[in-house]
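# Coordinates in review
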Amino acid sequence: MSIVVKSVCKALERIAPLRLAEPWDKVGLIIESPVPRSDAKRVVLTIDLTTAVLEETLKVPTALVITYHPPLFKPITSLTLADPLQASLLKLSAAGTSVFCPHSSLDATWGGINDWLAEGVMGAQEAIGKVDILGEVKGEAGGAGRIVTLDEPIPIEELVQRVKKHLSLSQVDVGRPFAQKSIKSVAICAGAGGTLLSGVDADVYFTGEMQHHEVLAAVARGRYVILCGHTNTERGYLPVLAKKLSDALSEVVRDESSSGLSREERIEIEKYQIDIHISEVDRHPLDRM
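This structure is a prediction, so every number in the text was calculated from the model and none was measured.

### What to know about the overall build of the protein
- A count of helical and extended segments in the protein gives 10 helices and 11 strands.
- Since a compact globule built from 289 residues should have a radius of gyration of about 19 Å, the 20 Å found for the protein is in line with a globular shape.
- Residues counted as buried form 52% of the 289 residues belonging to the protein.
- Partitioning the contacts of the protein with sequence separation of at least 6, the portion at a separation of at least 24 is 67%.

Following this line, the structure appears as structure tokens:
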């Protein structure tokens, strides 16, 4: 394993411990290139490993791609160039690039994606509320979702404006219950939240997507639903992750404990000026026309 990949993996474990991931998830080092390049100093952050992201990555020597969503989710019996996703992984590996996926561990950790979404619900700095874990509590490190309880109720229109501003969106989908009401509590789940949010006692369900019958059931129970598009609830966090990764890498270099890098490895990684690059072509797969 290259020293860059090893150091970044240790840094990511500080940010979002893999033990926080859901049991069904596929997280961690997905592909380790057997031919790491000594000149590869770039680390690419993306939500999805698309063909466009692959082509962008191959233009610059890259040690690691951190793709939020697992590029391989279902079991496979072969790894060939005939499948576009498998081909991307093979081409990256051949180019000396490894692939890491944090997915639900990054949702669950404190300071992760769901907490970033909660910041958007809270609004301006003067807005005050309380953020609690929604779903299974995984020790002191976090939990699956979040629920925000606002100190003062706000109208749904105000909440929608906060969400759109935070996610840099011009439109979102809103489900309205028959009886309109002010908003005091918001249940949050990045990506697809239908299962986690089902039956939760909150005024609003805020997520990327839900199935049709899940929306109908929530609205029938008097909940508002705000749907923003799956990856739209995740992509805006990448700049936050880039800053956290830079800080965590500095901590890894200074860590002299037995669980950290060896002295020789710390000396070696200090020679690198690691370039943390947020993909410029990673985007939501659907356009509204």
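Past the structure itself, the notes keep going.
### Regarding the environment of I276
- Note that I276 resides in strand β11 (residues 275-278).
- With relative accessibility at 22%, the residue I276 sits in the partly exposed group.
- Sequence spacing of I276 and R42 is 234 residues, and the spatial spacing of their C-alpha atoms is 5.9 Å.

### Looking at the pattern of salt bridges
- Taken as a whole, this structure holds 16 salt bridges when the rule is applied.
- D201 is paired through a salt bridge with R223; the nearest N and O atoms lie 3.4 Å apart. Remark: R223 occurs in the loop between α8 (212-220) and β10 (224-227) and D201 occurs in the loop between α7 (194-197) and β9 (204-209); sequence separation between them is 22 residues.
- With a relative accessible area of 13%, R223 lands in the buried category.
- A single salt-bridge network, built from bridges that share partners, covers R14, E251 and D255.

### Observations regarding the sheet that holds strand β1 (residues 28-31)
- Read from one edge to the other, the open sheet built from five strands follows the order β1-β4-β3-β2-β11, with strand pairing classed as mixed. Of all strands in the sheet, those with a lone pairing partner are β1 and β11, marking the two edges. Ignoring which end each strand starts from, the neighbouring axes of this sheet average 25° apart.
- Looking at chain direction, strand β3 (residues 62-67) and strand β4 (residues 98-101) are connected through three bridges and run parallel.

### Describing α8
- Those residues of α8 not exposed but buried are E214, V215 and A218. Each buried residue of α8 sits inside an arc of 100° when the element is viewed along its axis, so together they form one side. Across α8 from its buried face, at more than 90 degrees, point the exposed residues H212, H213 and A220.
- On its buried face, α8 is in contact with α7, β9 and β10.

### Quick look at the pairing of strand β2 (residues 42-46)
- Of all five residues making up β2, five are buried, and the element is well covered by its neighbours.
- Taking every second residue as pointing to the same face, both faces of β2 are buried, with R42, V44 and T46 on one and V43 and L45 on the other.
- Sheet analysis places β2 next to β3, joined by five bridges and oriented parallel. Its bridge partner being in β3, V43 is matched across the sheet by L64.
- Once you follow β2 into helix α2 (residues 51-58) and on to β3, the crossover reads as right-handed.
- As judged from the four bridges shared by β2 and β11, these two strands associate in the parallel manner. When the sheet's bridge partners are listed, R42 is paired in β11 with D275.

### Side note on the packing of helix α5 (residues 113-122) against helix α6 (residues 156-167)
- At their nearest, the axes of α5 and α6 sit 7 Å apart, and the two run at 130° to each other. Our classification of the angle between α5 and α6 gives oblique. As α5 runs across α6, the sense of the crossing is right-handed. Side by side, α5 and α6 meet where W116, L117, E119, G120, V121 and M122 of the first sit next to L159, R162, H166 and L167 of the second.
- Classifying every residue of the contact of α5 with α6 by side-chain character gives six nonpolar, two polar and two charged.

### A word on α6
- Taking 1.5 Å of rise per residue, the 12 residues of α6 would be expected to cover 16 Å, and the 17 Å separating its terminal C-alpha atoms lies within 8% of that figure.
- For α6, the complete set of buried residues consists of I156, L159, V160, R162, V163, K164 and L167.
- Check the buried side of α6 and you find it contacts α5, β6 (143-154), β7 (173-175), β8 (183-192), β9 and β10.
- Directly beyond the C-terminal end of α6, a positive phi value near 55° is found at S168.

Basis of the calculations
Residues numbered from 1 in each chain as written. Predicted model: local features only at pLDDT ≥ 70, side-chain atom pairs only at ≥ 80, totals over all residues. Heavy atoms only, no water. Helix = DSSP H or I, 4+ residues; strand = E, 2+ residues; numbered from the N terminus. Rg over C-alpha atoms; globule rule 2.2 N^0.38 Å. Buried < 20%, exposed > 50% of the residue type's maximum accessible area, 1.4 Å probe, protein only. Contact = heavy atoms within 4.5 Å. Salt bridge = Lys/Arg side-chain N within 4 Å of Asp/Glu carboxyl O. Pairing = 2+ DSSP bridges. Axes fitted to C-alpha atoms, helices over the stretch in contact; angles between N-to-C directions. Arc of directions from axis to C-beta. Right-handed = clockwise from strand over helix to strand, strands pointing away. Parallel < 35°, antiparallel > 145°, perpendicular 65-115°, else oblique. Left-handed = near helix turned anticlockwise from the far one by under 90°. Nonpolar A, V, L, I, M, F, W, Y, C, P; charged D, E, K, R; others polar. Expected span 1.5 Å × (residues − 1).

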